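# Summary of the model geometry
Each chain, letter by letter, is given below.
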Amino acid sequence: MTEAFKAVAPRHIAIVMDGNGRWAKKRFLPRFFGHKQGVDALIRVIQACIDRGVDHLTVFAFSSENWKRPTEEVSGLMGLVLAAVSRYLARVGQMGVRIRIIGDREAVPDKLVAAWRDAESSTAHNDKLTLNVAFNYGGRWDIVQACRRALAAGLAPEALTEERLAEFMALAHAPDPDLFIRTGGEVRISNFLLWQSAYTEFVFSDCLWPDFGEAELDAAIAAFHQRDRRFGGVNPAVTPAQEA
Ligand code: FPP
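Residues numbered from 1 in each chain as written. Predicted model: local features only at pLDDT ≥ 70, side-chain atom pairs only at ≥ 80, totals over all residues. Heavy atoms only, no water.

### Section: the UniProt feature "binding site: Mg(2+)" (unreviewed entry) in the chain
Put simply, the rule reads: UniProt positions are given in the numbering used here, feature names are shortened, and annotations may be inferred rather than shown by experiment. Only DSSP runs of H or I with at least four residues qualify as helices, and only runs of E with at least two residues qualify as strands; both kinds are numbered from the N terminus onward. Here, residues are in contact when the closest pair of their heavy atoms is within 4.5 Å.
As recorded in UniProt, the feature "binding site: Mg(2+)" (unreviewed entry) lies at Asp18 and Glu201. Mapped onto the elements of the fold, Asp18 is located in the loop between strand E1 (12-16) and helix H2 (20-26). Within the element layout of this structure, Glu201 appears in strand E6 (residues 201-204). Those residues in contact with Glu201 that lie beyond four places of it in its chain are Asp178, Leu179, Phe180, Phe224, Arg227 and Arg229.

What follows is the structure, given as structure tokens:
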């Protein structure tokens, strides 16, 4: 990876890791195997993001709506994530990754909450990449919890601005995502970073998450570089004639 490539990497990439179930079904395997392969894909993508100079990677591991899945899939996912933390924590820590969990910890099994706490504290000194794991997360939940915390902090209605509310959002420590990738062919946001992705560039890939790797990440980053980010303004480099 060249330094020039690193210099232009998106600072923050968010990913909806979709398609694990279909990956398994295509192989006549239980859905759980797809999620298991999904963890391996995540480790690959973390390394690829580090190599490309990305600062923040935010992944949707379990949404507030995923509780609607069959009980055995939900408990399978909880167990898988718990096992993944104990299996990969040391390796991910050695890679220089700081782990942060975003989402509603209520209703998440105590064992998993304790494992998250360990993962966060044991990697707090790392600074190569911050991996934000969205777990029991929903974009609407995030906005509501931020409003609640802002009110609880005594913020008066007239003092509430976008900037002040942003301080209470779950990703207050990170810049807004530059690039949002959703794998698995669906073209929707599914209640992921609603507030934070106001000006994020979206790339939808047909690749199923367990098959996602460096080549697919580079294709998404290349698509990102084709975009003309105007953040609601105009690009001064573009003349009105070119724009029309
Ligand atoms: C969506 O695929 C995927 C999920 C709901 C789970 C993703 C979780 C992981 C990859 C594990 C992450 C682990 C850690 C440690 C953070 P789907 O089941 O909706 O697939 P389908 O659309 O093909 O049915």
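### Description of the pairing of E1
Put simply, the rule reads: Under the scheme applied here, a residue whose accessible area is under 20% of the maximum for its type counts as buried, over 50% as exposed, and between as partly exposed, the area being computed with a 1.4 Å probe on protein chains only. Should DSSP find at least two bridges between two strands, the strands are regarded as paired.
With respect to burial, E1 is a largely interior element, five of its five residues being buried. Burial along E1 is two-sided: His12, Ala14 and Val16 and Ile13 and Ile15, pointing in opposite directions, are all buried. Looking at chain direction, E1 and strand E2 (residues 56-63) are connected through five bridges and run parallel. Directly across from Val16, in E2, lies its bridge partner Phe60. Across four bridges, the pairing between E1 and strand E5 (residues 179-182) is parallel. Bridge assignment links Val16 to a residue of E5, and that residue is Arg182.

### Notes on the site of the ligand
The condition that has to hold: Throughout this document, a residue counts as near a molecule or strand when at least one of its heavy atoms sits within 4 Å of that molecule or strand. We define a polar contact as two N or O atoms separated by no more than 3.5 Å, with the added condition that, inside protein, one atom must be a possible hydrogen donor and the other a possible acceptor, whereas residues neighbouring each other in sequence contribute only through side-chain atom pairs. Where accessible areas are quoted, they stem from the Shrake-Rupley method and a 1.4 Å probe; at the residue level, only the protein chains shown are allowed to cover.
Residues in contact with the ligand amount to 18 residues; listed here are only the nearest, Asp18, Gly21, Arg22, Arg31 and Arg69. Here an oxygen atom of the ligand sits 3.3 Å away from a polar atom, N or O, in the main chain of Gly19. The backbone of Gly21 places a nitrogen or oxygen atom 3.0 Å from an oxygen atom of the ligand. Bound to the protein, the ligand loses 90% of the 630 Å² it would expose on its own. For the shell around the ligand, the leading source of residues is helix H3 (residues 31-51), giving five residues.

### Structural notes on the packing of helix H4 (residues 71-94) against helix H5 (residues 110-122)
Put simply, the rule is: Only C-alpha atoms enter the line fits that serve as axes; for helices the fit covers just the stretch in contact. Angles between N-to-C directions range over 0 to 180 degrees. Any angle between 65 and 115 degrees counts as roughly perpendicular, while under 35 counts as roughly parallel, over 145 as roughly antiparallel, and the rest as oblique. A clockwise turn of the near helix away from the far one marks a right-handed crossing, whereas an anticlockwise turn of less than a right angle marks a left-handed crossing.
One way to put it is that H4 packs onto H5 with a least axis distance of 10 Å and a crossing angle of 30 degrees. In terms of orientation, H4 and H5 fall into the roughly parallel class. When you trace H4 past H5, the crossing you get is left-handed. Of H5, the residues touching H4 (which contributes Met78, Val81, Leu82, Val85 and Leu89) are Lys111, Leu112, Ala115, Trp116, Ala119 and Ser122.

### Section: a nonpolar patch on the surface
Going by this rule: Residues with no salt bridge and a relative accessible area higher than 30% make up the patches, which join like charges within 9 Å and nonpolar side chains (Val, Leu, Ile, Met, Phe, Trp, Tyr) within 5 Å. Here, a salt bridge means any Lys or Arg side-chain nitrogen found within 4 Å of an Asp or Glu carboxyl oxygen.
The grouping of Leu29, Phe32 and Phe33 at the surface amounts to a nonpolar patch, some 240 Å² of accessible area in total. For Phe33, the location among the structural elements is in helix H3.

### Quick notes on the environment of Asn20
Take Asn20: it is sitting in helix H2. Taking the C-alpha atoms as reference points, Asn20 and Val39, 19 residues apart in sequence, are found 9.9 Å from one another. Discounting chain neighbours no more than four positions away, the residues touching Asn20 are Arg31, Gly34, His35, Gly38, Trp209 and Pro210.

### Side note on the sheet that holds E5
As summarised here, the arrangement of the six strands in space is E3-E4-E2-E1-E5-E6, forming an open sheet in which the pairing is parallel. Only two strands of the sheet have a single neighbouring strand rather than two, namely strand E3 (97-102) and E6. On average, each strand axis in the sheet is inclined to that of its neighbour by 20 degrees, with strand direction left out of account. Of the pairings in the sheet, the one linking E3 to strand E4 (residues 129-137) comprises six bridges and is parallel in character. Note that in E4 the partner of Ile101 across the bridge is Val133.

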